[in-house]
Amino acid sequence: MVMVRVMVVNPVFGRAIPVAEHCVGALADLGCESSLVDLTCFQDLVRDNRGSVGPQSAKAIALYEAVAERVQHKVRRFEPDLVLVLLLAPLHKGLLDWLRDQGIKTAYWFVDNLGRYPFWRVQAPWYDHSFTIQDEPYLTALRNMGARHCAYLPNACRVGAHTDIVLTAEERERFGTDVAFVGTLHPNRMAVFDELAD
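Keep in mind it's a predicted model, so treat the numbers as computed, not measured.

Q: It is not clear to me how the overall build of the chain should be interpreted in this structure. Could you clarify?
A: In terms of helices and strands, the chain carries 8 helices and 6 strands. Starting at the N terminus and walking to the C terminus, you meet the elements of the chain as β-α-β-α-α-β-α-β-α-β-α-β-α-α. Dimensions of the chain along its principal axes, counting C-alpha atoms only, are 55 × 45 × 35 Å. Considering the chain as a whole, with its 198 residues, one finds that 35% of them fall into the buried category. If you take every contact in the chain between residues at least 6 apart in sequence, the share linking residues at least 24 apart comes to 54%. In the structure as shown, the chain presents an accessible area of about 12,200 Å², 55% of it carried by carbon and sulfur atoms. With 20 positive and 24 negative side-chain charges, the chain shows a separation of 7 Å between the mean positions of the two kinds.

Q: Looking at this structure, how should I read a nonpolar patch on the surface?
A: Together, Phe181, Leu185 and Met190 make up a nonpolar patch on the protein surface, roughly 270 Å² of accessible area in all. With respect to the helices and strands, Leu185 occurs in the loop between helix H7 (169-175) and helix H8 (187-197).

Q: In this structure, what is going on with the environment of Pro154? I would like to understand it.
A: Summarising the element assignment, Pro154 is placed in the loop between strand E6 (149-152) and H7. Taking the C-alpha atoms as reference, Pro154 lies 8.6 Å from Phe131; in sequence the two are 23 residues apart.

Q: Any chance you could explain the pairing of strand E3 (residues 82-86) here in plain terms?
A: Looking along a regular strand, one sees side chains alternate from face to face of the sheet. For E3, the tally of buried residues reaches 4 of 5 residues, placing the bulk of the element in the interior. Looking at chain direction, strand E1 (residues 5-9) and E3 are connected through 4 bridges and run parallel. Within the sheet, the bridge partner assigned to Met7 lies in E3 and is Val83. Of the strand pairs in this sheet, E3 and strand E4 (residues 105-110) are connected by 5 bridges, and their pairing is parallel. Residue pairing across strands places Val83 opposite Thr106, the latter belonging to E4.

Q: What should I look at first to understand the nonpolar core in this one?
A: The nonpolar side chains of a soluble globular protein tend to be buried with one another. Ranked by internal contacts, the top residues of the largest apolar core, which has 50 residues, are Val8, Val9, Leu39 and Leu91. Broken down by secondary-structure element, the contributors of at least two residues to this core are E1, helix H1 (16-29), helix H3 (58-78), E3, helix H4 (93-101), E4 and helix H6 (138-144). No other element matches H3, which puts 6 residues into this core. Excluding anything up to four places from it in sequence, Val8 contacts Ala20, Cys23, Val24, Leu27, Ser35, Leu36, Val37, Leu84 and Leu86.

Cut-offs and rules
- Residues numbered from 1 in each chain as written.
- Predicted model: local features only at pLDDT ≥ 70, side-chain atom pairs only at ≥ 80, totals over all residues.
- Heavy atoms only, no water.
- Helix = DSSP H or I, 4+ residues; strand = E, 2+ residues; numbered from the N terminus.
- Buried < 20%, exposed > 50% of the residue type's maximum accessible area, 1.4 Å probe, protein only.
- Contact = heavy atoms within 4.5 Å.
- Areas by Shrake-Rupley, 256 points an atom, 1.4 Å probe, with all protein chains shown as cover.
- Lys, Arg positive; Asp, Glu negative; His and termini not counted.
- Charge placed at Lys NZ, Arg CZ, Asp CG, Glu CD.
- Patch = residues over 30% accessible without salt bridge, like charges linked within 9 Å, V, L, I, M, F, W, Y side chains within 5 Å.
- Salt bridge = Lys/Arg side-chain N within 4 Å of Asp/Glu carboxyl O.
- Pairing = 2+ DSSP bridges.
- Core = buried A, V, L, I, M, F, W, Y, C linked by side-chain atoms within 4.5 Å.

This is the structure in structure tokens:
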């Protein structure tokens with residue numbers, strides 16, 4: 001049996017970093033050989049890049065080229081069948097074209113609100129497959145933007161990684177609550193909680 005080799009690329013910052021890490025484990029659980037390209041080492045370069053004017057600035061180009069070099073190095077060593085990229089990973093079109101020239105399939109998983117970040121409209125057509133945690137009207141919009149193959153792929157819980165823990169009495173006193181929220185507390189979500197509290 002041939003084992004599928006999947007290389008997962010995480011973003012430099014953000015909530016998708018642990019999602020990427022769990023993808024590597026979940027893919028291994030499914031019988032794939034999986035590997036992570038960790039881009040968090042570029043955090044200083046991204047911070048330094050803030051304030052640069054446009055994606056064609058010298059600092060932005062240096063960032064994209066440094067990321068491309070790291071990804072290409074890992075591709076040459078790991079020889080993946082598929083490269084799965086999570087949102088906010090700074091890969092440029094030239095790198096995606098290079099991957100395709102190597103015969104490697106690419107997939108982009110946008111694990112956030114498509115309405116909040118508009119850059120997916122440009123990037124989705126660069127990939128062989130695009131996935132999102134939202135369905136319509138975004139799937140139609142992806143197709144209209146030129147995405148080759150797109151589908152709804154919600155987040156999930158990885159069995160074995162997310163388990164119950166037993167709290168001590170002190171921890172229950174400190175952390176115990178009738179309602180818990182997991183995620184990033186944006187103002188729109190706070191408004192929902194304010195409504196529920198009334």
